Each structure stands twice: as C-alpha cells, then as structure tokens.
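Residue-level listing of the chains:
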Amino acid sequence: MGTLRDIYAIQPEETNWPVPQDFDVNFNWEYDDGRAATMGLYRKGVEMQWNAETRIDWSQELDEDNPEQLPEEMLPISGMATYEKMSRKEKAQVRRHFQGWQISQFMQGEQGALICTAKIVTQVPDIDSKFYASTQVIDEARHVESYKRLLQKFNVAYPMTKPLQDLIDQVLRDSRWDMTYLGMQVVIEGLALAAFQQIRDNAQNPLAAAVNAYVMQDESRHVAFGRLALRDYYPQLTQKERDEREQFLLEACYLMRDRFDAVEVWKTLGLNVEECAAHMYDSGFMQKFRGSLFTRIVPIVKDIGLWGKTIRDSYEEMGIIGFANTDVQALQDSDVNIAKEFDARRAYVESVAGRAAAE
Ligand SMILES: [Fe+2]
Ligand SMILES: [Fe+2]
C-alpha cells in the first residue's frame, strides 16, 4: 500500500503549510467546573473515545468499479454525454478519482479541524471550553487517521482544494476567538456532517459507510460545542459586531457552495472542465445535493442568533431557509444510534463467522 506521497494525483507544492498567528494565548486561574452543559459535553467526549485501529475492520476492501458502491447519480458528471460514452474501465477510473477526491477533502478538512481545535484550546478564555476542546483534538486526530486509511485503499489522493484552504487560512489568522468556532465548528463541520451523511446513508460498501458513521458520532458533539459556546457569546456583542459575523458567514457559505466543484479531478482525468462544470450546474440532482449540504448549518446559525435580515434573505434565495426548523437534537441522537448499529452489525457478522469456523 502506497504512502500518501505516492498516491497524490497532484503533488502538494510544499510538504508543510505555515500559517502566521497573531493572538493571545489565555490561561484561566479559576478551575471551577464551569457551565454544566459544556462540562457534560466534556464528560461525553472523554467517555466516548474509540480506537480506529480496532473499532473498524480494515480487512474489508473497496469495490473495484465503484469504491464506495454509491448510486450513479451521486457522481456529478453522470448523465453527461462524454461520461456515458466511456468504457466500463474508464467509468470506474472516474468514480475512483471523484470519490477519492471527496475523501481527500474530508481528510484534509479533518487536519484543519485538528489545528483549529488546538487553537481553541489555547485561545478560548473559559476553562470548561478548554477541557471540552481538548477531547475534540484527539477526536480530530482519529478522523484524520481514519480517512487516511480509507484513502489508501482508493490508491489516489488529492491536496486540499484552494477554497477550503482559503477559508481555513482566514479563520486561523483571525485574532477573535469566536471566528475559529464560526468558520470551523459551524460552517466547515456543518457542511462536512451533511457530506459524511450522504456517504454513510448511500454507500453500499460497509467499510466506507462505517468510517463515516463513526466520524459522525463524534462530529455531532463538535457541532453541539460550537452552538453552546456561541449562543452564550453572541448576545453580548454589539449589533455591528454581529453584522460582521453574519457577513463572514454568508461569504463562507457561498464560497463552499459555489467553488467546491472537483475541478482538480476533471483536469487530472483530461476531461473538459467547462463541460463538467456546466453539467454539474444544470443537473437537478446536484442542485438538490448542494442545497442539502446546508441542512446542518442553517438551524445552528439561527440558534446562535446570527439571524439578521441579510442572512435570512440570502438563505431564502439559496433555497435553504426551510432547514431553519430542522430538529438538530434529533439528528444528533440519530447519528449516535446509527454508529451503534454499525458496531452491532460487526459483532453479528463476527459471531456468525466464528460459529461457522467452529463447526
Ligand atoms: Fe472531525
Ligand atoms: Fe469535528
């Protein structure tokens, strides 16, 4: 199995990406327990740790023609004339590259989450938030590990796309502590959760589905954390300060929606980028798919109180305002239960295999 360097379809320009920092690291001398909700989340974070090495059965393989065994309509260029004319082998290569590109963005984004959460630990003033965020740091390391191992089975990887890198760069450089939460915990993690869910719920491949289910079990705590911290903080700001956050939020949402277009894949495979982009834009499925990426973001934005007219009008125009009434708690509970079902499935398969071996 190749190292990441061996399987990158496009080599990253540098091995390291330094981002200059300009913010105060905060100590806190009051070791009192802090807010019950945050401490509850911390306790959960400690208790629900898992080991990617043992919880996931890495002996499972991906499918040769369609690695994650996803429905064909989830490939953005399915239905495009050039694609439909391809041989079975060529189509298999397109699927492997597109799905591998997507998992690569998950892995790269998870490293972003790892770094941002470490920044939160050092910068956030409250001790309870430091406690909780420290559990999230190890969660994110485990997610990077899990996606990296999955990616190696694709035998292809892609660097972080420019729009994601720009957004992470912006939140990391910002000296206001809440901006890291807003960019990472609300926007990037919110989008990521919806994208993970598409794979968890549609992949027929048990390995690909399980990795996403287990990561989502942790992510539901992460989004809850962003929501708790910001819901307390934003009412204390002035209207002007809240307007700045709303502006940032909108730009980030548009950026993620419009520029996350897999152009690196089409280029690598020698396809006509304009034709692919036009197909993606017009395809009804992709429009619905892009809209559904916001299911997890919109209700949180409303809940933390960044719900001015500009945001509401823009969400209306993007066709995603209806998600404002999503029951976030129900989604989080279901994420946890689905992960447990994957554990039960594995235990069942192993017990059947064990019995068969004994007979
Ligand atoms: Fe994560
Ligand atoms: Fe996360």
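A brief structural summary. (Residues numbered from 1 in each chain as written. Chains lettered and ligands numbered in written order. Predicted model: local features only at pLDDT ≥ 70, side-chain atom pairs only at ≥ 80, totals over all residues. Heavy atoms only, no water.)

## Quick look at the overall build of the chain
Alright, step 1. Summing up its helical and strand segments, the chain has 16 helices and 0 strands in all.
Alright, step 2. Here the C-alpha radius of gyration of the chain, 21 Å, is about what a compact globule of 359 residues would show, namely 21 Å.
Alright, step 3. Along the longest, intermediate and shortest principal axes, the C-alpha atoms of the chain span 60 × 55 × 40 Å.
Alright, step 4. Counting contacts in the chain only where the partners sit at least 6 residues apart, residues at least 24 apart contribute 84% of the total.
Alright, step 5. Carbon and sulfur atoms provide 51% of the accessible area of the chain, an area that totals close to 16,900 Å². (Helix = DSSP H or I, 4+ residues; strand = E, 2+ residues; numbered from the N terminus. Rg over C-alpha atoms; globule rule 2.2 N^0.38 Å. Contact = heavy atoms within 4.5 Å. Areas by Shrake-Rupley, 256 points an atom, 1.4 Å probe, with all protein chains shown as cover.)

## Some details on the coordination of the iron ion (ligand 2)
When a metal holds four donors in a tetrahedron, each ideal angle between them is 109.5 degrees; when it holds six in an octahedron, the ideal angles are 90 or 180 degrees.
Alright, step 1. Around the iron ion (ligand 2), the protein contributes the donor atoms E140 (OE), E189 (OE), E219 (OE) and H222 (ND1), which lie 1.8 to 2.2 Å from the metal centre.
Alright, step 2. Between the 4 donor atoms coordinating the iron ion (ligand 2), the angles at the centre fall across 85 to 165 degrees, so the site counts as irregular.
Alright, step 3. Linear spacing of the donor residues for the iron ion (ligand 2) on their chain is E-x48-E-x29-E-x2-H.
Alright, step 4. Between the iron ion (ligand 2) and the iron ion (ligand 1) the interatomic distance amounts to 3.1 Å, and E140 serves as a bridging ligand to the pair. With E140 in helix α6 (residues 127-154) and E219 in helix α9 (residues 206-233), this residue pair connects regions lying 79 residues apart in the sequence.
Alright, step 5. Overall, the relative accessible area of 0% leaves E140 in the buried class. (Donors = N, O, S within 2.8 Å, 3.2 Å for Na, K, Ca; no water. Tetrahedral: all angles 85-135°; square planar, octahedral: opposite > 155°, others 65-115°. Buried < 20%, exposed > 50% of the residue type's maximum accessible area, 1.4 Å probe, protein only.)

## Focus: the pattern of salt bridges
When their charged atoms lie close together, side chains carrying opposite charge are able to pair.
Alright, step 1. A full pass over the atoms with the stated rule returns 28 salt bridges.
Alright, step 2. The partner of D139 in a salt bridge is R142, with the nearest N and O atoms 2.7 Å apart. In this pair, D139 and R142 are both assigned in helix α6, 3 residues apart and thus about one turn of the helix distant. Like R142, D139 is buried.
Alright, step 3. Shared partners join several salt bridges into a network, and the residues in it are D174, R176, D178, K240, E244 and R245. (Salt bridge = Lys/Arg side-chain N within 4 Å of Asp/Glu carboxyl O.)

## Here's the deal with the coordination of the iron ion (ligand 1)
Alright, step 1. Distances from the iron ion (ligand 1) to its protein donors, E110 (OE), E140 (OE), H143 (ND1) and E219 (OE), fall within 1.8 to 2.2 Å.
Alright, step 2. One can describe the donor arrangement at the iron ion (ligand 1) as irregular, given that its 4 donor atoms subtend angles of 87 to 137 degrees at the metal.
Alright, step 3. The sequence motif formed by the donor residues of the iron ion (ligand 1) is E-x29-E-x2-H-x75-E.

## Focus on the side chain of K153
Alright, step 1. Note on placement: K153 falls in helix α6.
Alright, step 2. Among the polar contacts made by the side chain of K153, one reaches the main-chain carbonyl oxygen of W58 at a distance of 2.8 Å. (Polar contact = N/O pair within 3.5 Å; in protein donor to acceptor, adjacent residues only side chain to side chain.)

## Re the side chain of T117
Alright, step 1. Assignment of secondary structure puts T117 in helix α5 (residues 88-123).
Alright, step 2. The class of T117 is buried, set by a relative accessible area of 0%.
Alright, step 3. If we ignore the near neighbours within four places in the chain, the residues touching T117 are A133, Q136, V137, E140 and Q185.

## So, the nonpolar core
Alright, step 1. Formed by 111 residues in total, the largest nonpolar core has its most connected members in I77, Y147, L150, L182, W266, F294 and Y315.
Alright, step 2. No other element matches the 16 residues that α9 contributes to this core.
Alright, step 3. For F294, the residues in contact, after removing those within four places along its chain, are L191, C253, R257, P299, M318, I320 and F323. (Core = buried A, V, L, I, M, F, W, Y, C linked by side-chain atoms within 4.5 Å.)

## A few points about the environment of P67
Alright, step 1. With respect to the helices and strands, P67 occurs in the loop between α3 (52-55) and α4 (81-84).
Alright, step 2. In this structure P67 comes out as buried when scored by relative accessible area, which is 3%.
Alright, step 3. Spatially, the C-alpha atoms of P67 and P125 are 44 Å apart, while their sequence positions differ by 58 residues.
Alright, step 4. Not counting the four nearest positions on each side in its chain, P67 is found in contact with L62, R95, R96, Q99, F154 and N205.

## Digging into a nonpolar patch on the surface
Alright, step 1. Nonpolar side chains collect at one region of the surface, where V25, F27, W29 and Y31 lie side by side and expose about 580 Å² of accessible area between them.
Alright, step 2. Looking at where W29 falls in the secondary structure, it is placed in the loop between α1 (4-7) and α2 (36-47). (Patch = residues over 30% accessible without salt bridge, like charges linked within 9 Å, V, L, I, M, F, W, Y side chains within 5 Å.)

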